[in-house]
Amino acid sequence: MTDLRIEKVQGDALIEDWRHVHNLIIPADPLSLDDVRERVGRNHLEVAYLGDTLVGCTTVRPPTDDTATATATATVIARVLPEHRRQGFGEVLYRHGLEHARTLDAAVIETVILASNVAGVRFAEKHGFVEVERYVLPEDPALWFTMRLTEDGLT
C-alpha cells in the first residue's frame, strides 16, 4: 500500500479523474466538468492512484464560516472504485480526509452515503459513524444518509 499516491485536484486531468470516480459510484448525481471545477473552489478534493492506476477520490467539505466553533462540521467522503475495494484503500483515503478535516478545526465530522451503498454504510458504521438524517434530493428519489462520527470513532 505504500505505493498509493494521493494528489490534490488541480487541472483538468485530475478534475476528470475525480469526476470519473464520483460519477461511477454516484450515478444518481452525475457531475459535469464545470460542476467539479466549482466544487474545487469550495471543497478539498483529492484523487488516489496506485502507480498510474486511478483507485479512488476524497472530498472534504470544510466547516462554513457561519458555523460556531463548538459545532463546526466538516464532511469527509472517501470513494474507492469497485475493482480496488477490500484492499485497505478506503481506510487510507478516509484517514487522509479525516486528518485534513482536523486541520480545518472541525469539531464535528460527518459523511454522506447513498443508502443503497450497503458496503459504504457498513464502512462508516465500523469507523464510528451513526445515522443522523435521511433525505432524498428533489431531482432524484434515491435515499441518502447523513452520518456523524461519534466520540468513540475519533481515535
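Residues numbered from 1 in each chain as written. Predicted model: local features only at pLDDT ≥ 70, side-chain atom pairs only at ≥ 80, totals over all residues. Heavy atoms only, no water.

(A) Representation of the overall build of the protein. The secondary structure content of the protein amounts to 4 helices and 7 strands. When the helices and strands of the protein are placed in sequence order, the string is β-α-α-β-β-β-α-β-α-β-β. Relative to the 2.2 N^0.38 estimate, which gives 15 Å for 155 residues, the radius of gyration of the protein is 15 Å and therefore close to what a compact globule would have. By residue count, 43% of the 155 residues in the protein fall in the buried class. Nonlocal contacts in the protein, meaning residues at least 24 apart in sequence, comprise 56% of its contacts between residues at least 6 apart. Per element, the accessible surface of the protein, about 8,400 Å² overall, is 51% carbon and sulfur. A distance of 4 Å separates the average location of the 16 positive side-chain charges in the protein from that of its 25 negative side-chain charges. (Helix = DSSP H or I, 4+ residues; strand = E, 2+ residues; numbered from the N terminus. Rg over C-alpha atoms; globule rule 2.2 N^0.38 Å. Buried < 20%, exposed > 50% of the residue type's maximum accessible area, 1.4 Å probe, protein only. Contact = heavy atoms within 4.5 Å. Areas by Shrake-Rupley, 256 points an atom, 1.4 Å probe, with all protein chains shown as cover. Lys, Arg positive; Asp, Glu negative; His and termini not counted. Charge placed at Lys NZ, Arg CZ, Asp CG, Glu CD.)

Shape is all these values report; function is a separate question.
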